Amino acid sequence: MLAILIGGLPACRAGPAPAAPGGGWTAAPCSATLLVGGRVRPGFREGDSPAEALGIAPDGSVAVVGSAADVRASACPGAREIDLAGSVAIPGLVDAHGHVLSLGLSMRRADLRGSASIAEAAERAARFASERGLLERAGAWILGRGWDQNLWTDAALPDRSALDARLGARPVFLVRVDGHAAWVSTEALRIAGIDASTADPEGGVIVRRPDGEPTGVLIDNAVELVEARVPEPTPGERREAMAEALGCLAALGLTSVHDMGVGIDDLPVYGALAAGDGLLLRVVAYLDGTKPLTGADDALRARSSAGSGPGAHRPPWEVAGVKVFADGALGSRGALLLADYSDDPGNRGIEVMDVDRMIAAGREAAALGLAIAIHAIGDAGCRNALDTIERLASEGKIVGRSRIEHVQVLAPEDLPRFAALGAIASVQPVHATSDMPWAEERLGPDRVRLAYAWRSLADAGATLAFGTDFPVEEPDPLATLRAASTRRDATGRPAGGWHPEQCVTLREALDAMTRGAACAAGAEATRGRLEPGMRADVTVLDRDPLETPPEEIETLRATMTIVDGVVRFRR
């Protein structure tokens, strides 16, 4: 097995908590903002002790963590004092895998989540089109997201006939909840030129009726055949959607998000938001590696020069990597498995990109100074992702921290490879509680034991980073903590948790949403804990999460969100 090769970055390890001489840490800068009157948790490693107060330096870093007297003694002239009123300040919560633009756009499209049947999903799309006046606009596309056939009585994929019956000869494009399939109307197929003679694209499937005609469902790379014909939102619409999404995230207590699959054209939108003080939280962007990266070097140079010069403010966003796809999703049977799907003999999923193509993408990312992040859900997809990282490491082509996104099914022999290769396991606990009604049917009783296997990954030495994959799931970080520590859904089911042997502790879950997420971005030296010199990204909760039973964690409320020392949200 290879030694850890991570472009000069040491492996992320929790390690012991630092000592706190004199009851607190002190640093040279004075404190321009004082958080007093509550409790401060500097981090979630074993041995971390709470403090009384926190001082934030004028540059947005942590100045002092300690007693209220220590912090008040460090105050700059004219310092601002914020009374926590018994609340608890913790390192800023991070969603390590989300899609900011998709979240913003989904707020402006038909919401199909939770629809109980094909008819209900089609009706919701029609109602949305009517309310938005789209039925009166010739050629207007009707867009939506969130359908899930696993919630329907027969769990069968839908057919375009239901859309045609309800919406007539209009182009309709409805994305599945996981983003890996789309349900489209006959008119949308016509516009895209898709018929019985159209071949499946590499890494995608056009689902067909027995006579070979398309049903209207497209999986993985086949989605692009129609999506390419959907009018792109204007730069103004993108900016408005992203600003709305960021406001939603800040109100949930998130101080940062890792935005996965960002288009090069969206980098100037982030720049404009930052320039206008509209970037409410820290963004770590990973470029969309399914599209040509032509022009990425120019965009990255423009980003690196942003905020340069004496006294200039550098907006809290960065481009850290490139995201590619090893496979599809489990819900649409596109996840790549080592053996057949238990509920679909002969089908092992879709290899969206093979190892050679992912290696080529990793080399291209390294040439741009960027890390590689690989979407991999099935056990074969995860193995291919690990093989890719191992090959890139042997060539010295690893920059920053390599990540594998989702990691939903694993073969036992691949567990130790994460730690050996320094690959971050970027996982979304809420996927387990969403998928548990049907996951065992897909995988069978043996494979499901290493599905969503956070405990096994942690015990094998992997660094975990937690997210939600919003808008696939709701971006609520408290739901992530509940799912990770109880393996129960929002209603408390099942009573003992679904495969509870794969739970992590609440402390470990909080660590994965703070220090672990910082590690995933190669930033654990400056973020993820509240220590002098680190960035003052702070989430304030109304109660102490470590003194809250895991099953009650969603009753907590974020009362304040602080990013780089600036209060971005206050309830």
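Computed from a predicted structure; not experimentally measured.

Taken together, the eight strands give an open sheet; going across it, the order is β7-β14-β15-β16-β17-β18-β19-β20, and neighbouring strands pair in parallel fashion. Among the strands making up the open sheet, the edge pair consists of β7 (93-98) and β20 (464-466). On average, each strand axis in the sheet is inclined to that of its neighbour by 25 degrees, with strand direction left out of account. In terms of strand pairing, strand β16 (residues 317-325) meets strand β17 (residues 371-376) through five bridges, oriented parallel. Note on β17: the bridge partner recorded for Lys 323 is Ala 373. In the packing of helix α11 (residues 379-394) onto the sheet, the strands contacted are β17 and β18 (403-406), and the crossing angle to β17 comes to about 165 degrees.

Residue position: Leu 386 is located in helix α11. For Leu 386, a relative accessible area of 0% corresponds to the buried category. Through-space distance from the C-alpha of Leu 386 to that of Ile 374 is 9.1 Å; in sequence the pair is 12 residues apart. In contact with Leu 386, other than residues within four places in its own chain, are Ile 404, Asp 414, Arg 417, Phe 418 and Leu 421.

Next up on the list: the sheet that holds strand β3 (residues 53-56). Read from one edge of the open sheet, four strands run β4-β3-β1-β5, paired in mixed fashion. Pairing within the sheet leaves two strands with one partner each, and these edge strands are β4 (62-66) and β5 (75-83). This sheet shows a mean twist of 20 degrees between the axes of neighbouring strands, independent of strand direction. Across four bridges, the pairing between β3 and β4 is antiparallel. Across the sheet, the residue bridging to Ala 53 is Gly 66, located in β4.

Per the counting criterion, the structure on display carries one disulfide. Note that Cys 30 is cross-linked by a disulfide to Cys 76, the S-S spacing being 1.8 Å. The chirality of the disulfide connecting Cys 30 with Cys 76 is right-handed, given an S-S dihedral of about 95 degrees. Residue Cys 30 is found in the segment before β1 (31-36), and its partner Cys 76 is found in strand β5; the two are separated by 46 residues along the sequence. Here Cys 503 stays unpaired: no disulfide links it, and the sulfur of Cys 382, its closest cysteine neighbor, is 20 Å away. For Cys 503, a relative accessible area of 15% translates into the label buried.

A word on helix α14 (residues 439-447). Every buried residue of α14 is accounted for by Ala 439, Arg 442, Leu 443, Gly 444 and Arg 447. In this fold, the buried residues of α14 make contact with α11 and α13 (429-435).

Turning our attention to helix α4 (residues 160-167). Three or more residues of α4 are buried, namely Arg 160, Leu 163 and Leu 167. Projection of α4 onto a plane perpendicular to its axis shows the buried side chains occupying an angular sector of 60 degrees, all on one side. Looking at the packing, one finds that the buried side of α4 touches α3 (118-131), β9 (142-147), β10 (172-176), β11 (181-184), α5 (186-192) and β13 (214-220). One side-chain oxygen of the residue at the start of α4 lies 2.9 Å from the amide nitrogen of Ser 161, identifying that residue as Asp 159.

Right, let's get into the packing of aromatic side chains. In this structure the tally under the stated criterion is six aromatic pairs. Just above the ring of Trp 454 sits the side chain of Arg 487; from NZ or CZ to the centre is 4.4 Å.

Scored by pLDDT, the protein comes out at a mean of 91, with 93% of its residues at no less than 70. With pLDDT under 50 throughout, residues 304-314 is counted as low confidence; its partners more than four residues away or in other chains account for five contacts.

So, about unusual backbone geometry. With an omega of 5 degrees, the peptide bond between Phe 470 and Pro 471 qualifies as cis. For Ala 155, which is not glycine, the phi dihedral falls at a positive 55 degrees. By the secondary structure assignment, Ala 155 is in the loop between β9 and α4. A positive phi angle, near 55 degrees, is found at Arg 487, a position not held by glycine. For Arg 487, the location among the structural elements is in the loop between α16 (477-486) and α17 (506-512).

Turning to the packing of helix α10 (residues 355-367) against α11, a few remarks are in order. Closest axis-to-axis distance for the α10/α11 pair is 9 Å, and the angle between their directions is 45 degrees. By the criterion of interaxial angle, the relationship of α10 to α11 is oblique. Relative to α11, the crossing made by α10 is right-handed. Within the contact between the two elements, α10 uses Val 355, Asp 356, Met 358, Ile 359, Gly 362 and Arg 363 and α11 uses Asn 384, Ala 385, Thr 388, Arg 391 and Leu 392. Classifying every residue of the contact of α10 with α11 gives five nonpolar, three polar and three charged.

Right, let's get into the pattern of salt bridges. Here the structure, examined in full by the defined rule, presents 45 salt bridges. Across the pair Glu 202 and Arg 357 runs a salt bridge, and its minimum N-O distance is 3.6 Å. Of this pair, Glu 202 sits in the loop between α5 and β12 (204-208) while Arg 357 sits in helix α10, and the two are 155 residues apart along the sequence. We classify Arg 357 as partly exposed; its relative accessible area is 36%. The salt bridge involving Glu 405 is made with Arg 403; its shortest N-O contact spans 2.7 Å. By the burial criterion, Glu 405 is buried, and Arg 403 matches it. Through salt bridges with shared partners, a single network forms among Arg 383, Asp 387, Glu 390, Glu 413, Asp 414 and Arg 417.

Quick notes on the rules
- Residues numbered from 1 in each chain as written.
- Predicted model: local features only at pLDDT ≥ 70, side-chain atom pairs only at ≥ 80, totals over all residues.
- Heavy atoms only, no water.
- Pairing = 2+ DSSP bridges.
- Helix = DSSP H or I, 4+ residues; strand = E, 2+ residues; numbered from the N terminus.
- Axes fitted to C-alpha atoms, helices over the stretch in contact; angles between N-to-C directions.
- Contact = heavy atoms within 4.5 Å.
- Buried < 20%, exposed > 50% of the residue type's maximum accessible area, 1.4 Å probe, protein only.
- Disulfide = S-S within 2.5 Å.
- Arc of directions from axis to C-beta.
- Polar contact = N/O pair within 3.5 Å; in protein donor to acceptor, adjacent residues only side chain to side chain.
- Phe/Tyr/Trp six-rings, centres within 6.5 Å; stacked < 30°, edge-to-face > 60°.
- Lys NZ or Arg CZ within 6 Å of the ring centre and 35° of its normal.
- pLDDT = per-residue confidence, 0-100.
- Parallel < 35°, antiparallel > 145°, perpendicular 65-115°, else oblique.
- Left-handed = near helix turned anticlockwise from the far one by under 90°.
- Nonpolar A, V, L, I, M, F, W, Y, C, P; charged D, E, K, R; others polar.
- Salt bridge = Lys/Arg side-chain N within 4 Å of Asp/Glu carboxyl O.

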